[in-house]
Amino acid sequence: MSRPYPLLKTPLPGPVAKAIVDRDRAFTSHAYLKEYPLVIARGEGVMVEDVDGNRFLDFMSGIAVSSTGYGHPKVIAAVQDAAARFLHICGSDFYFEGMAALCERLARLAPGSTPKRVFLTNSGTEATEGAIKLARHATRRTAIVAFKGAFHGRTTGALALTSSKARQHSGFGPLLPDVHHVAYPNRYRAAAGTTDAQLVAQSIAEFEGDLFTRHLDPKDVAAIFVEPIQGEGGYLFPPDGFLRALRDLCDRHGILLVFDEIQCGVGRTGTMWACQHEGVEPDIMLTAKGLGSGMPIGAFIARESVDEWQGGAHGSTFGGNPVCCAAALATLDLVENRLMANAARMGERLISGVRKLAERHEVIGDVRGRGLMVGMELVKDRGTKEANPEASRRLVDTAFQHGLLLLGCGKSVVRVAPPLVIDEVDIDRGLDLLGDSLQG
Ligand SMILES: *Cc1c(COP(=O)(O)O)cnc(C)c1O
């Protein structure tokens, strides 16, 4: 089947794109670190068209956000219908059906059987902020533990938990005090022959044998924040049993367990939430990114017993915006009915395709993934496993020149995270483009 993408009409960036890039560079904050000069004009499904009419296959979904692809008719219809009725009312103070429906839906969809309460936010980092506040309030403890390599957001509270790049902290201190970091277990870089069970034991020993004996009384710890799959840190999949062991650790010490599912949730790994692969229930769960198909919405979902704060303890003017709620409800309909199963099926095809590429390309040191969340770690040498950031930068840039949109993460990982609507034809096409791009 022939599809009208990728299609490259001009050298990249084309003339119209270049003019916009120049204008952008003249007036936007220096803080924006653009990846490559993609200037989008429109999108459809898994295709992105730029302002010069060049067409790309999207293997990154605007950082795992465009879950239902671009312009899904059901999402667009829901957004248009909601926008035509009212753009705003402030869900912290008034009622509307979409907010009640979305909170009900998320409470029921959240992992585990205990009753849940939902607070809606505008972004991922706000979900982290809310969860920090709620965890401290519910436990009357102050310390928070997070993992090295974690990304939980960039506002000043969440930033203290984030530990993925020094540049994200530089010049902003002092950050929120009483935040501690431990290593996230790394299967690829563990000593040869280490089993999952040993890796889990090592991680728990870092808490019980080190952090909790030398630095920090566990009775002072409000919460442990963890990504069930580390995203920005390099698409790291923890060993089997890790989340369960953290659950037990938290239960031993009365600590709340917070799962940040902002990147790995909403169907991407083939189940609604990534933690469902281990069947572990957190006390608080964070979601955002793919939840609204691109409309800005997030949430933190707490067990009823944890959500014990009083009216006015937390709030948001825009959080749970009616148009965003409508987009999220339409997205969840689509993800539940087909897309999450599609992600599981397409993911198998994608992962085995990337593994085949690894057989031919020495630079790929490791391939890991579940569903449509796949990481390729690029190395200088398979023996030493030395990270190869130049190669991952080059691959992302070359892929763009071939009409394939990719994005890096970690030190030298290239993530593959297409919209969940992708089919076999586009998986195979993307794999071919990936192969061409690895060639140079
Ligand atoms: C992107 C991300 C965040 C922050 O979300 P924003 O919407 O950018 O504030 C938090 N946690 C994880 C795991 C993320 O991937």
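Cut-off values and rules
Residues numbered from 1 in each chain as written. Predicted model: local features only at pLDDT ≥ 70, side-chain atom pairs only at ≥ 80, totals over all residues. Heavy atoms only, no water. Helix = DSSP H or I, 4+ residues; strand = E, 2+ residues; numbered from the N terminus. Rg over C-alpha atoms; globule rule 2.2 N^0.38 Å. Buried < 20%, exposed > 50% of the residue type's maximum accessible area, 1.4 Å probe, protein only. Areas by Shrake-Rupley, 256 points an atom, 1.4 Å probe, with all protein chains shown as cover. Polar contact = N/O pair within 3.5 Å; in protein donor to acceptor, adjacent residues only side chain to side chain. Contact = heavy atoms within 4.5 Å. Domains from an automatic or database assignment. Buried area = accessible area lost by both parts, 1.4 Å probe. Salt bridge = Lys/Arg side-chain N within 4 Å of Asp/Glu carboxyl O. 1 Å grid on protein atoms, 1.4 Å probe; cavity = no way out; pocket = protein on both sides within 12 Å on 5 of 7 lines; lining within 4 Å. Points joined across faces, edges and corners; volume = space filled by probe spheres on them. Nonpolar A, V, L, I, M, F, W, Y, C, P; charged D, E, K, R; others polar. Near = heavy atom within 4 Å. Pairing = 2+ DSSP bridges. Right-handed = clockwise from strand over helix to strand, strands pointing away. Axes fitted to C-alpha atoms, helices over the stretch in contact; angles between N-to-C directions.

Visitor: Got a minute to help me understand the overall build of the protein chain in this structure?
Guide: On a plain count of helices and strands, the protein chain comes out with eleven helices and 15 strands. Taken against the 2.2 N^0.38 rule, which gives 22 Å for 440 residues, the C-alpha radius of gyration of the protein chain at 22 Å falls within 12% of a compact globule. Overall, the C-alpha framework of the protein chain stretches about 60 × 60 × 45 Å when taken along its three principal axes. The 440 residues of the protein chain split such that 55% are buried. Total accessible area computed for the protein chain in this model is approximately 18800 Å², and 53% of it derives from carbon and sulfur atoms.

Visitor: Can you walk me through the side chain of Lys116 in this structure?
Guide: Along the chain, Lys116 falls in strand β4 (residues 116-121). Of the residues examined, Lys116 reaches a relative accessible area of 11% and is grouped as buried. At 3.2 Å, the side chain of Lys116 and the backbone oxygen of Pro111 are in polar contact. A polar contact of 3.1 Å, which involves the side chain of Lys116, links it to the side chain of Glu281. For Lys116, the residues in contact, after removing those within four places along its chain, are Ala107, Ala110, Pro111, Glu281, Ile301, Ala302, Arg303 and Glu304.

Visitor: Can you walk me through the domain arrangement of the protein chain in this structure?
Guide: It is common to give the size of an interface as the accessible area lost on bringing the parts into contact. Partitioning the protein chain into domains gives domain 1 (15-71 + 339-439) and domain 2 (89-320). Measuring from the centre of the C-alpha atoms in domain 1 to the corresponding centre in domain 2 gives 26 Å. At the boundary of domain 1 with domain 2, total buried surface from both sides reaches about 2600 Å², with 57% on carbon and sulfur atoms. Taken as a group, Arg370, Met373 and Lys385 account for 30% of the area that domain 1 buries against domain 2, more than any other trio of residues on that side. Remark: the boundary between domain 1 and domain 2 carries two salt bridges. Here Glu377 makes a salt bridge to Arg189, at a shortest N to O gap of 2.5 Å. For the interface between domain 1 and domain 2, the tally reads twelve residue pairs in polar contact (both at pLDDT 80 or more).

Visitor: I'm lost on empty space enclosed by the protein in this one. Help?
Guide: To find the voids left in a structure, one rolls a probe of water-molecule size over its atoms. Considering all chains together, one arrives at one cavity of 30 Å³ or more under this definition. Of the voids in this model, the largest cavity is the one considered here, and its volume is about 40 Å³. Around the largest cavity sit Ala64, Ser67, Gly265, Val266, Arg268, Gly290 and Leu420, which together line it. For the lining of the largest cavity, a count of residues per class yields three nonpolar, three polar and one charged. When we break the lining of the largest cavity down by domain, the ones giving at least three residues each are domain 1 (15-71 + 339-439) and domain 2 (89-320).

Visitor: How should the site of the ligand be read in this particular structure?
Guide: Close to the ligand lie Ser123, Gly124, Thr125, Phe151, His152, Gly153, Glu227, Asp260, Ile262, Gln263 and Lys289, which account for all nearby residues. Contacts to the ligand include Gly124, whose backbone N or O atom sits 2.8 Å from an oxygen atom. In the complex, 81% of the free accessible area of the ligand, which totals 380 Å², lies under the protein chains.

Visitor: Before we go on, may I ask you to explain the pairing of strand β7 (residues 221-226) in this structure?
Guide: Looking along a regular strand, one sees the side chains alternate between the two faces of the sheet. Among the six residues of β7, six are classified as buried, and the element is accordingly described as predominantly covered. With three bridges connecting them, strand β5 (residues 143-147) and β7 associate as parallel partners. Residue pairing in the sheet places Val145 in a bridge with Ile224 of β7. By the bridge criterion, four bridges tie β7 to strand β8 (residues 256-260) in an arrangement that is parallel. By the bridge assignment, Ile224 is partnered in β8 with Leu257. Taken together, β7, helix α8 (residues 242-253) and β8 form a β-α-β motif whose crossover is right-handed.

Visitor: Could you clarify how one ought to interpret unusual backbone geometry in this entry?
Guide: In most cases, non-glycine residues show a negative phi, while peptide bonds are predominantly trans. A cis geometry characterises the amide bond from Tyr5 onward to Pro6, with omega recorded as -5°. Cis peptide bonds are those with omega within 30 degrees of zero, and the linkage from Leu12 to Pro13 qualifies with -10°. Relative to the helices and strands, Pro13 resides in the segment before α1 (15-27). The backbone phi angle of Asp178 is positive, close to 65°, even though this residue is not glycine. Summarising the element assignment, Asp178 is placed in the loop between α6 (156-161) and β6 (179-182).

Visitor: For this particular structure, what's the right way to read the sheet that holds strand β9 (residues 284-287)?
Guide: Sheet strands line up and pair through hydrogen bonds in the backbone, either parallel or antiparallel. Overall, mixed pairing links the seven strands, which are arranged β4-β10-β9-β8-β7-β5-β6 in an open sheet. At either end of the open sheet lies a strand with only one pairing partner, and these are β4 and β6. Pairs of neighbouring strands in the sheet enclose a mean axial angle of 20°, with direction left out of account. Bridge count between β4 and strand β10 (residues 298-303): six bridges; the pairing is antiparallel. Looking across to β10, one finds that Phe119 is bridged to Phe300. Helix α7 (residues 196-215) contacts β5, β6 and β7 of the sheet and is inclined by roughly 140° relative to β6.

Visitor: Before we go on, may I ask you to explain the layout of surface pockets in this structure?
Guide: Roughly 750 Å³ of internal volume is contained in the second largest pocket. Surrounding the second largest pocket, 26 residues form its lining, Gly91, Ser92, Met99, Val118 and Phe119 being those nearest its centre. Within the residue set of the lining of the second largest pocket, elements represented by two or more residues are α4 (97-109) and β4. Its residues assigned to classes, the lining of the second largest pocket shows twelve nonpolar, eight polar and six charged.

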